[in-house]
Structures are given as structure tokens and as C-alpha cells.
Amino acid sequence: MKVIKFGGSSLASAQQLKKVLDIVKADAERRFVVVSAPGKRNAEDTKVTDALIRYYRSYTDDADVSADQNWIIDRYKSIIDELGLSHSILDKIAAAITELATLPIEGNDFLYDTFLAAGEDNNAKLIAAYFRQNGVPARYMHPGKAGIIVSSEPGNARILPGSYDKLEELCDSDEVLVIPGFFGVTVDNQICTFSRGGSDISGSIVAAGVKADLYENFTDVDGIFAAHPGVVHKPHSIKELTYREMRELAYAGFSVLHDEALIPAYRGRIPLVIKNTNNPNHPGTRIVLQHSHQETPVVGISGDDKFVSINISKYLMNREVGFGRKVLQILEELNIRWEHIPTGIDDMSIVLRERELTPIKEQEIMTQLTRNLGVDEVEIERDLSIIMIVGENMKNQVGVMSTATKAMSDKNINIEMISQGSSEVSVMFVIKSEQEKSAVRAIYKAFFEKDNLV
Ligand code: ASP
């Protein structure tokens, strides 16, 4: 039994929905279909979820909402018309969209989430009707009814553990269940969404709940590439990744799947595959608990920019008990998340994402470090990128680091910092952002290929 999730670009038009129908029909084990809202048809298009945000703003600003309502209803109408579906489904969707503008604004913490969730909710109704019309016995199922019960954290819901038992009961259904992604209901029956892109999380939750044999996540790419295709020319897609490798790559810029989506499937020990709706015969990327065979030492290379480093020096730092704690406490009190801490004997660098550091916080850190901790030198270094090379099998191989560093030195790239955890699942380099692309290309070439680069 498989849970299959389709992202917004797979559901953006009638033409895409036909591919979705073929995919579901092709395998009788595909019994649970989790769907996003219609996404963009082309680069200039607007996602239905973004149109719902616009609609919400007009409504709460007491402005005229008719243009926003019509845009959204027309979006569904064009799909319904092209698929030749009955207008009773359009009437239902139009009523649901219009009704949003009658909900109470004052004291309604879940109003925004209720607007946003309408994108997925109505799409699931449409898709279930389309499946039924084409011979697939399908039924729309609201997440609340399915058992996706979440915490009361608007825009950032978490699944409540009790949900899984209720979800398991869905296994008894003989119909294909079409479940809207992206939201659940609270114990008080309020609509509450996950963070943006959260339909991936819903799919993972349903897969864990029904104890699926496989969670298939359909997107618009042939799985996860070993490097960013905007940087490396036609990188290969990775056949198999472990959950840990996926997490490491996602951390530094690989954004095919929502970060939090891995957790339920991982805990439920459900294998996951990322596939392409536009090329369903491609095997895609499987994400597994353990590699099924000996992988190459490096599976992927990612790079991400907008990092800064707070570089601190203090003579005899290593002898001062509690120094590191005091530094981190300054950050904690300012509610700053840090990412890496490479150290020397008398110096430590704290690498963080640029967005964590406002000018006021920066000033406060400088003052406290010099005044209270008596550091000799402190500087904030900007325009940094991190490069991660990832692979569980690196630990069984000597020379991975030397291949990567040689590739960079051949391109005259200075490595500012290096960090590798004892798990050896990844190595991180900090370099200047202007050299990030060149570094990723050089490392990709060194590990994977001869002369196929842009
Ligand atoms: N439609 C939602 C978003 O755009 C959730 C999703 O597509 O996964 O964020």
C-alpha cells in the first residue's frame, strides 16, 4: 500500500491532472492521495495559496474582495471546464471560497490558516470528483475526519501523537482517499496549517499513520540532484539517499522536500521516493534508512550563501573554563540561532545565518564580548557561503577531504573554515560567497565527472 503526494506544479492545470490520474491508475497500491493547492503553470503565474493570502489581506483590510475571489474561483473553473467535470463541483468550490469572507476577523487566531487551507481543501474535492468520473473509486476526505490532529500553533502546526492510531483506521477503506495536504485540525476543531510547503508533511504523516510500504512524493524534477542544476550543468539525480544524507543536503540549500516532512516517515520507518509527475518512469530518488548497497563516498554537494561569522580571539582562551558557555549565552539571550562553531586554541568562530543578526543585536554582541568577556579581538565577517559534501560512506574512505580541497585549491579558492562532525556524514567548508558556484562545480567535477560542466 502506497501513499502518494502531488505538489502544486503537478496539479496546476487539467493537462497535469491527466498525468496524475494516469499515475494513480497505473498502480492499484496507490490508495492514499495527498494533494497540494494548484501551483504555478509558468514562471509568471501565481500559486493559489498566494492568491488566498492576497484575498485574506483584502478581507481583513476591509477592502473589496470580489476581484480576489473571482481570480481564485476562475482558476478552479478553468481546470474543471477543461476536464469536463460537472458544474456542481464548481458551485461547491465557489461557495467555499466566497464563504471565507464571512468568517469572524476579531479574535480569530485561525482565520489566516483557514484561508490558506482552502487551496488544498478545494483541490482535493476537485481531484476526487475527477478520479470518480474516470473510473477510480475515490473519495475526498477532510484531514480532521482522517485524524490529522495538530497543535494550536497557527502557521506552524505540529502533529499530535494520538493522530496516528486514528489514521491507521483509514486502511479499512476500499476507496482511494484524496486528502488535502498542508493542514490539520486542532482539538478545538480549528483549521491549522503547517509551515509553507507543508503538504509534504501531510503526506509523510499519512504514510506513517497507515504504515504504508512506500511514500511517493511527486514533484516536477527527476528526484534529488547531486548538485544544484542551476550551478552544475545537468547534474545526475541521486538513486538512493539515507534520511541523514537528505537532512544534511536539505540543510544547505537542497529544497526539494520540506525539512519537517522527513520526520514522520523516518520514525515510521517508511521508505520514501521522490519522483517526477512529468517523467513517471524515471526511478527518482529513494530515501531509505540504510543504503541497500555500498554507495560512493560522496552522494551530493550543496552550497548555501548568506552566512556571517563572528570571529573571536582571546589569548589563553583554552584555559578559561566557561568561556564558550558565556559566549553562547550572549547569543541565547538575544534569541540568536547559530549553525557551526569552528575553533582554534585561542579563537573561536560562530557561523550563523545573516538573517539572525540585526544591527542592534550585532552591537550588543560586540559590546558584551569586549566589555564583559574581555576578548582581544572580535570581527564580524560577511558574505560567506558554506559548502557541504555529504555521504554516509565517507567514513569508510580515506582521501575524500583531499579530493575536495585539491579541487578548490586548483581554482584558487581559499577555505576559511572547515568542520566535520564525528559521524563523518558531511564535511562543511566556509568560503567567500563570490566563489561558491565555482567551488561546487569544481568539487562536483572532482567526485563525479570529467568534462560535463557549464
Ligand atoms: N500550498 C501550500 C504552499 O504553497 C502548501 C504546499 O504546497 O505544500 O505553501
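Note that this is a predicted model, so its numbers are computed, not measured. (Residues numbered from 1 in each chain as written. Predicted model: local features only at pLDDT ≥ 70, side-chain atom pairs only at ≥ 80, totals over all residues. Heavy atoms only, no water.)

Trainee: What exactly am I supposed to notice about the overall build of the chain here?
Mentor: The secondary structure content of the chain amounts to 14 helices and 15 strands. Whereas a compact globule of 454 residues would reach a radius of gyration of roughly 22 Å, the chain reaches 25 Å, a difference of no more than 12%. Its C-alpha atoms give the chain principal-axis dimensions of roughly 75 × 55 × 40 Å. Evaluated residue by residue, the chain yields a buried proportion of 52% over its 454 residues. When contacts within the chain are restricted to residue pairs at least 6 apart in sequence, those whose partners lie at least 24 apart make up 74%. Counting only carbon and sulfur atoms, one obtains 47% of the accessible surface of the chain, whose full area is about 20700 Å². Side-chain charges of the chain comprise 50 positive and 64 negative groups, with the mean position of each set lying 4 Å from the other. (Helix = DSSP H or I, 4+ residues; strand = E, 2+ residues; numbered from the N terminus. Rg over C-alpha atoms; globule rule 2.2 N^0.38 Å. Buried < 20%, exposed > 50% of the residue type's maximum accessible area, 1.4 Å probe, protein only. Contact = heavy atoms within 4.5 Å. Areas by Shrake-Rupley, 256 points an atom, 1.4 Å probe, with all protein chains shown as cover. Lys, Arg positive; Asp, Glu negative; His and termini not counted. Charge placed at Lys NZ, Arg CZ, Asp CG, Glu CD.)

Trainee: Help me understand the side chain of H340 in this model?
Mentor: By the secondary structure assignment, H340 is in the loop between helix 11 (323-333) and strand 12 (347-353). A polar side-chain atom of H340 sits 3.0 Å from a polar atom in the side chain of Y251. Ignoring sequence-local partners within four residues, the contact set of H340 consists of Y251, S349, I350, V351, I386, S419 and M428. (Polar contact = N/O pair within 3.5 Å; in protein donor to acceptor, adjacent residues only side chain to side chain.)

Trainee: Which parts of the structure should I look at to understand the pattern of salt bridges?
Mentor: A pair can form between side chains of opposite charge whenever their charged atoms are brought close. Going through the model one piece at a time under the given rule, you end up with 22 salt bridges. D121 is the partner of K125 in a salt bridge, and the nearest nitrogen-oxygen pair spans 3.8 Å. Here K125 and its partner D121 are both found in helix 5 (residues 111-133), four residues apart, which amounts to about one turn of the helix. The class for K125 is partly exposed, based on a relative accessible area of 21%. A relative accessible area of 13% means that D121 is categorised as buried. Notably, a salt bridge pairs R139 with E175, separated by 2.7 Å at the nearest N-O pair. (Salt bridge = Lys/Arg side-chain N within 4 Å of Asp/Glu carboxyl O.)

Trainee: Explain the packing of helix 2 (residues 48-60) against helix 3 (residues 66-83) to me, please; I cannot follow it from the model alone.
Mentor: The description of two packed helices rests on the angle between their axes and on the distance between the axes. One can describe the packing of helix 2 onto helix 3 by two numbers: an axis separation of 9 Å at closest approach and a directional angle of 155°. What the angle tells us is that helix 2 and helix 3 run roughly antiparallel. Judged by the sense of rotation from one axis to the other, the crossing of helix 2 with helix 3 is left-handed. Residue-level inspection shows V48, A51, L52, R54, Y55 and S58 of helix 2 in contact with helix 3, the latter providing D68, Q69, W71, I72, R75 and Y76. (Axes fitted to C-alpha atoms, helices over the stretch in contact; angles between N-to-C directions. Parallel < 35°, antiparallel > 145°, perpendicular 65-115°, else oblique. Left-handed = near helix turned anticlockwise from the far one by under 90°.)

Trainee: Help me understand the packing of aromatic side chains, please; the structure alone is not making it clear to me.
Mentor: Centre-to-centre distance and the angle between the planes together describe a pair of aromatic rings. Using the criterion set out here, one finds eight aromatic pairs in the structure. Geometrically, the ring pair formed by Y444 and F448 is tilted, given 5.0 Å between the ring centres and 55° between the ring planes. Placement of the pair is Y444 and F448 together in helix 14 (residues 436-448), with a separation of four residues, close to one helical turn. Using a relative accessible area of 2% as the deciding quantity, one classes Y444 as buried. A network of ring pairs unites the aromatic residues Y55, Y56, Y59, Y112 and F115 as a single cluster. Above the plane of the ring of Y140 lies K125, whose end atom (NZ or CZ) is 5.5 Å from the centre. (Phe/Tyr/Trp six-rings, centres within 6.5 Å; stacked < 30°, edge-to-face > 60°. Lys NZ or Arg CZ within 6 Å of the ring centre and 35° of its normal.)

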